[in-house]
Amino acid sequence: MEILPSYEDAISGPDWLDLVAAYVPVVDWPRCCLVDQKFHRRFAPRLWQDPLVTVRRLGLHPNDDLAWYRRFINKHIKASRLEIRTYVRALDFRSFASRASGLYSSEASERAISESFKHLPQIFPGLICLLVDGHPELNPESLATAASASESLRLLDLARCRHELTPKLFSSYLFRGLVYLDISFIPGSVKTALQSSLNPSSLPELRVLKVAGREMDNSTAGLLFQTFRRQLWSLDLSHNKLGDEILDGIVEHCVSLFSFHTDAHFEEGRLIRPKNIGSRKYGPFGFIGESGYSHHQHSLEKYLADSPFYSQEADETELQEWQAVRPNGNAPLRRDDANTAKESLLDEAMSPTATRYSFRGQPGLGEGGLTHLCLNGNKFTLTGIARLLRTSRGRLEHFECDSCLCTPARSPMGTDSKGVRIVGFPDSEPLFRPVISSAIRSLRIHHSLVTQIPSLSIEGVSSASAARLAEELSRNIRRAYPLAFTPDTNPRITSVTLTNIPARSTGPVIDQLVQFLDLASAQQRAIGDAKSLFRGRVSSVLKGLRHIRLELGPDFSEGTDIISTSNNVDFDKLLDPAEDSFSQDTSSFFDSDDGSFGVTSRNTPTNQPRVKPNTLASDAEGYAHWTSGRLKSYPYSDIDSEYMTQHVDAAHSWTGNVYSVPVWIGPGVISPHAAVNEYMWNIQDANLRADIGPATPNHVAAGVPPLSYVFYAAWEAMVMPRSSAVREAVMSSSRFRDVATAIKEYRLRTRGTADHWDGKLELVRTG
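The shown structure was predicted, so the numbers you read here are calculated from the model rather than taken from an experiment.

Visitor: I tried to follow the packing of aromatic side chains on my own but got confused; where do I start?
Guide: Evaluation of the coordinates by the stated rule reveals 21 aromatic pairs. With a centroid separation of 6.2 Å and an interplanar angle of 35°, the aromatic rings of Trp48 and Phe72 are classed as tilted. Here the residue Trp48 occupies a position in helix H4 (residues 37–48), and Phe72 occupies one in helix H6 (residues 65–76), the gap between them amounting to 24 residues. Judged by relative accessible area, which is 6%, Phe72 ranks as buried. Residues Trp664 and Tyr679 carry aromatic rings whose centres are separated by 5.9 Å and whose planes lie at 5° to one another, so their mutual orientation is stacked.

Below, the structure written as structure tokens:
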């Protein structure tokens, strides 16, 4: 029992048994039913409500599942009264009779489950939860022809079913009351189902929908958004074929129109939005204005939950639909998995007066829109995901995205990055601060959000070499984006799952994960100090991060790279598979007689083609030689100011209007900030003077003036690996360490000390 009964519930309960029954062990339920009629009325519903799970908890061995089920259906149920059969509220076949022994026999007596399946709603009139996730024998189609039941199902889990569902399946009355539906990894068209029965007309109560692994394309996803609009509060679109094009549709059709972005919590910072300015790639422009406390490391006030809602009207005790007040951050985390859904619905059935609205929504608020969104395993880019988080009005409470392409769209010196794939979340720390993600409580995301080490793959480079290079690449990322996600980035977040963690590391991945655990421990101590300081207001102190799950990827061989044994490898061409004639199409950056850098020679030899208008004016390798003096190429050759005016046409504008903004280009001379120096160097490349956007806190931390606009293309380009880095990674002989072993050793070292984090830590190997 996660929530203790209120005082009113405790004193108004009809009997003391209603309070203690939930604490009686399962093994004692059968004996309690035999005490007297009073006990029988309390414990018989508990014993029968989920029989397949209860019998396992009572000791049934999996090898005996089929024999027990035959006796249960053919003997005990036939002899049971209707009242007893009505007690059965859930049938969970997910881990029941799934073994091959006997289940695939041709004898009818061996196929009791499949034969009885279509009759289940008639046999058990009170059935509301049916879970057949991955069961090899059950065909849900038979439910469409089942005799009408007295009660509609509330939860239906058909994930990984081998049988294709007919489009009209959900038009049956049996499904009209569905609140939770999982049809992930099932053959068949989602689009046809949406046009037939998978819609609000047939499923008016549906709130949680999981359609992962259905090979859904952008057009089908768009149809789904327009069909259900804001009826759903949880949607799983993982492992489909979706791209950035659908993300704006999620916000437009599925997210509540009432924003949690207000200035009421100014201590966390505030959003500053220029009017009617934005780009299609970035979204509406906005800056984060910092307060005196938003980045104060030692402020304990950030651990306080939000104040309760107050109204001037004495009789107004609940929020009205137009009043958007974000959750206070201390309420129990609302989960959308099948186990939690089943538990919640069974609790409601057991206690009809219980005020549980986790799956139906709060009364009076109508359709509140999406709060839980899963986007794992698709084709999204970091640009698209960032735009989604900024424009979703702070409404998301749970967010999942385990892979996100962040390879710069434009590469320095015109190099072709087609063979380079960088996956991760650089520059994403500000996106999960309360000022943007106002309601976020739980994350499942790529580990680079914390470690600042991306997942990297390059054609022709082994997994081991790519892992080494990714850890070297983290230096570029930390230079460009100094801020990594920490527990104190958003103390309202209670659960973080980090995905795609490499199984082995030469050190940096381990160091960053250990540092994250150290910071979780520091937050734990700070919250303890806050409880002491705000004595009498302990209930208003946030819990902080209490659950960390580390998902490790598959192991890889540490063997010698075939490519590293060759002495004739062209690493420049490996990283830049452009045409060999590329160097002949550009003039040298170092043609000036005085040896100065910055100006492209205007004396083009007659035997070479003239430089194209977008030809690069800078050489990335020459950046290492720039130690003094002002840059002499455009725009520094024509502009004395640190800003240049950039015009944005209607085709690239977020609102379709034409506007111009001053973009910061820097002074053109060496500054104390390495990232700023490389940014200024990259700006000389006309190809990189693109993708205007507002400076984020990461840019500001790296040296950009606050409230300035920058060229994102020039900034992102510094993340790209150089050919020399690829060469060093391939030739490196640095040894790998097992990440899981290192984390376990760290936990053993801190156990029993003040540095030990006492939250729940999970280590999981995937793949």
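Visitor: I would appreciate a short explanation of the pattern of salt bridges in the present structure.
Guide: Close approach of charged atoms allows side chains with opposite charge to pair. For the coordinates displayed, the defined rule picks out 28 salt bridges. Here Arg546 makes a salt bridge to Asp758, at a shortest N to O gap of 2.6 Å. Separated by 212 residues along the polypeptide, Arg546 in the loop between helix H18 (508–533) and strand E18 (547–552) and Asp758 in the loop between helix H24 (739–750) and strand E24 (760–765) bring together distant segments of the chain. Bridged by salt links that share partners, the residues Asp402, Arg444, Arg549, Glu551 and Glu762 form one connected network.

Visitor: I keep staring at the nonpolar core and nothing clicks. Help me out?
Guide: Inside soluble globular proteins, nonpolar side chains tend to come together where they are buried. The biggest cluster of nonpolar side chains holds 131 residues, and the ones touching the most others in it are Phe93, Phe170, Ile250 and Phe399. Top contributing element to this core by residue count: H18, with 7 residues. Phe93 has contacts with Leu52, Tyr69, Ile113, Phe117, Leu120, Leu130, Leu131, Val132, His135 and Leu138, leaving out every residue within four places of it along the chain. Counting 38 residues, the second-largest nonpolar core is a separate cluster that includes Tyr636, Val661, Ala717 and Met718.

Visitor: Looking at this structure, I do not really get helix H15 (residues 382–391). What am I missing?
Guide: Working note: α-helix, 3.6 residues per turn, so residues spaced by three or four point in the same direction. Burial of H15 is extensive: 9 of the 10 residues sit out of reach of the surface. Buried residues belonging to H15 abut helix H13 (247–254), strand E9 (283–284), strand E11 (372–374) and strand E12 (398–401). Arg393 lies just past H15 and shows a positive phi near 60°.

Visitor: Would you mind going over the environment of Ser184 with me for this structure?
Guide: By the secondary structure assignment, Ser184 is in the loop between strand E4 (180–182) and helix H11 (190–196). Sequence-wise, Ser184 and Asp157 are 27 residues apart; in three dimensions their C-alpha atoms are separated by 8.8 Å. Only 2.8 Å separates the side chain of Ser184 from the side chain of Asp182, close enough to count as a polar contact. Within the structure, the side chain of Ser184 is placed 3.0 Å from the backbone nitrogen of Ala212, a separation counted as a polar contact.

Rules used throughout
- Residues numbered from 1 in each chain as written.
- Predicted model: local features only at pLDDT ≥ 70, side-chain atom pairs only at ≥ 80, totals over all residues.
- Heavy atoms only, no water.
- Phe/Tyr/Trp six-rings, centres within 6.5 Å; stacked < 30°, edge-to-face > 60°.
- Helix = DSSP H or I, 4+ residues; strand = E, 2+ residues; numbered from the N terminus.
- Buried < 20%, exposed > 50% of the residue type's maximum accessible area, 1.4 Å probe, protein only.
- Salt bridge = Lys/Arg side-chain N within 4 Å of Asp/Glu carboxyl O.
- Core = buried A, V, L, I, M, F, W, Y, C linked by side-chain atoms within 4.5 Å.
- Contact = heavy atoms within 4.5 Å.
- Polar contact = N/O pair within 3.5 Å; in protein donor to acceptor, adjacent residues only side chain to side chain.

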